[in-house]
Amino acid sequence: MKLKIIFLTGILIFFAGQLLSQQHTFTNVTNQMGISGQTGLGHSVGWCDIENDGDLDLAFSNQDGSGFWLYRNDGSTFTNINSSVNFQQAILPNHKASR
């Protein structure tokens with residue numbers, strides 16, 4: 001039993017080492033996907049299906065409430081739909097005033 005545990009542990013370490021030794025790269029494709037123009041410190045991201053078409057749409061906001069963006073998933077790109085749904089700047093309560 002002890003030999004079996006040592007053997008399985010060795011296999012696990014070997015495969016973990018193989019996965020960790022591979023070079024991973026990140027490719028920023030936001031502009032190609034139609035997502036651009038955001039500024040500020042990002043805070044929240046949410047995925048939802050606004051139109052019930054089976055595609056997950058994207059919403060995200062800034063930490064200080066200075067921006068909110070809603071993007072419709074068109075299959076291969078995203079379209080900013082803030083203006084078509086009359087979104088304006090997010091209105092957040094002033095938590096500092098109540099302290």
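Please refer to the structure higher up on the page.
As the structure is a prediction and not an experimental result, all values here were calculated from the model. (Residues numbered from 1 in each chain as written. Predicted model: local features only at pLDDT ≥ 70, side-chain atom pairs only at ≥ 80, totals over all residues. Heavy atoms only, no water.)

### Topic: the environment of Asp 57
At step 1: Examined against the element boundaries, Asp 57 turns out to sit in strand β2 (residues 57–62).
At step 2: Apart from residues lying up to four places away in sequence, Asp 57 is in contact with Gly 46, Trp 47, Cys 48, Asp 49, Ile 50, Glu 51, Tyr 71, Arg 72 and Asn 73. (Helix = DSSP H or I, 4+ residues; strand = E, 2+ residues; numbered from the N terminus. Contact = heavy atoms within 4.5 Å.)

### Some points on the pattern of salt bridges
At step 1: One pass over the full model with this rule turns up one salt bridge.
At step 2: For Arg 72, the salt bridge goes to Asp 74, with nearest N and O atoms at 2.7 Å.
At step 3: The partly exposed category is assigned to Asp 74, whose relative accessible area is 35%. (Salt bridge = Lys/Arg side-chain N within 4 Å of Asp/Glu carboxyl O. Buried < 20%, exposed > 50% of the residue type's maximum accessible area, 1.4 Å probe, protein only.)

### Digging into the packing of aromatic side chains
At step 1: Using the criterion set out here, one finds three aromatic pairs in the structure.
At step 2: Relative to Trp 69, the ring of Phe 60 lies with its centre 5.6 Å away and its plane at 35°, an arrangement referred to as tilted.
At step 3: Its relative accessible area of 15% is what places Phe 60 among the buried residues.
At step 4: Take Trp 69: its relative accessible area is 13%, and that puts it in the buried class. (Phe/Tyr/Trp six-rings, centres within 6.5 Å; stacked < 30°, edge-to-face > 60°.)

### Digging into the nonpolar core
At step 1: In this structure, Ile 35, Leu 58, Phe 60, Trp 69, Tyr 71 and Phe 78 together form the largest nonpolar core, which totals six residues.
At step 2: Contributions of two or more residues to this core are made by β2 and β3 (68–73).
At step 3: If we skip the residues at most four places from it in the chain, Phe 78 touches Met 33, Gly 34, Ile 35, Trp 47, Leu 56, Leu 58, Tyr 71, Arg 72 and Asn 73. (Core = buried A, V, L, I, M, F, W, Y, C linked by side-chain atoms within 4.5 Å.)

Bear in mind that shape data such as this cannot, by itself, settle questions of function.
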